[in-house]
Amino acid sequence: MKIINVAPRERWKVVFKDDGNWQAGIYYPEYTSKDEIRLLEKHDAPELFYLITGRIVLVLSNDLKEIKEIEMKPGKLYIVDEWHNAYRPNGETGIALVIEKTDIKTEYGEINR
């Protein structure tokens, strides 16, 4: 058994990896508002997000033009397969667990405002 302390010191930290299958990481968004976000990312497989504590707002888009914001709620799992990023409203604490496949491929797209 492994016990992992959740103490974010950076934006993204993989805390467990089952090589060739999946990995779990702690996500602490660096942005504090949607207006700070210029780029969204998209992966070649879905990711699972789970809010551990605080507040996080997911910024999502299917086409990099229309943007929607979804505030994460405790006790809910969010499966994200579209363009995405996130922020912590007003710089509040916000920590999420993210589970994704290992060797995930990422592309980045600029938001068309």
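Conventions we followed
- Residues numbered from 1 in each chain as written.
- Predicted model: local features only at pLDDT ≥ 70, side-chain atom pairs only at ≥ 80, totals over all residues.
- Heavy atoms only, no water.
- Phe/Tyr/Trp six-rings, centres within 6.5 Å; stacked < 30°, edge-to-face > 60°.
- Helix = DSSP H or I, 4+ residues; strand = E, 2+ residues; numbered from the N terminus.
- Buried < 20%, exposed > 50% of the residue type's maximum accessible area, 1.4 Å probe, protein only.

Each aromatic ring pair is described using two quantities: the centre-to-centre distance and the angle formed by the ring planes. This model, assessed by the stated rule, comprises two aromatic pairs. Ring centres 5.4 Å apart and planes at 40 degrees place the aromatic pair Phe16 and Trp22 in the tilted group. For the pair Tyr27 and Phe49, a centre-to-centre distance of 6.1 Å together with 75 degrees between the ring planes defines the contact as edge-to-face. Separated by 22 residues along the polypeptide, Tyr27 in strand β2 (residues 22-27) and Phe49 in strand β4 (residues 47-54) bring together distant segments of the chain. Accessibility classification places Tyr27 together with Phe49 in one group, the buried group.

Peptide bonds are trans in most cases, and residues, glycine excluded, mostly fall at negative phi. Of note in the backbone geometry, Leu64 takes a positive phi value of approximately 70 degrees without being a glycine. Here Leu64 is to be found in the loop between β5 (57-61) and β6 (68-71). You can call Leu64 buried: its relative accessible area is 12%. Positive phi is not limited to glycine here, since Asp103 has a value of about 55 degrees. One can find Asp103 in the loop between β9 (94-101) and β10 (106-110). Asp103 gets classed as exposed once you look at its relative accessible area, which sits at 60%.

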